[in-house]
Amino acid sequence: MSEETAMSLMLVFGIMTLLLVRSREISWWQALVIFLFGIYAALTPLVYTVTGLVSWFIERFTA
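Nothing here was measured: the structure is a model prediction, and the numbers come from that model.

**Student:** How should I be thinking about the overall build of the protein in this particular structure?
**Tutor:** Within the protein, the regular secondary structure consists of 3 helices and 0 strands. Going residue by residue from the N terminus, the α and β elements of the protein occur as α-α-α. The buried share of the protein, reckoned over its 63 residues, is 10%. Total accessible area computed for the protein in this model is approximately 5600 Å², and 72% of it derives from carbon and sulfur atoms.

Next up, the structure:
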């Protein structure tokens, strides 16, 4: 996955989380937990599995 794709996905997920907070579906502390989990996942080997899955999904449904 390229850096450009990763930044685009980060932006999409960030906007989705922000919209959930604004619509009162989740509270601010739940959004904080989502954010911290994202940072934690990025620092572990799980990031390679997630990256592979997202890359497969993008290749499968955009080609």
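Anyway, onward from the coordinates.
**Student:** Help me understand the packing of aromatic side chains in this model?
**Tutor:** Aromatic ring pairs are reported here in terms of the distance separating the ring centres and the angle at which the planes meet. For the structure on display, the rule yields 2 aromatic pairs. Judged by centre distance (6.4 Å) and plane angle (80°), the rings of W56 and F61 are edge-to-face. Owing to a relative accessible area of 54%, F61 belongs among the exposed residues under this scheme. Pairwise contacts between aromatic rings join W56, F57 and F61 into one cluster.

What counts, and where the lines are drawn
Residues numbered from 1 in each chain as written. Predicted model: local features only at pLDDT ≥ 70, side-chain atom pairs only at ≥ 80, totals over all residues. Heavy atoms only, no water. Helix = DSSP H or I, 4+ residues; strand = E, 2+ residues; numbered from the N terminus. Buried < 20%, exposed > 50% of the residue type's maximum accessible area, 1.4 Å probe, protein only. Areas by Shrake-Rupley, 256 points an atom, 1.4 Å probe, with all protein chains shown as cover. Phe/Tyr/Trp six-rings, centres within 6.5 Å; stacked < 30°, edge-to-face > 60°.

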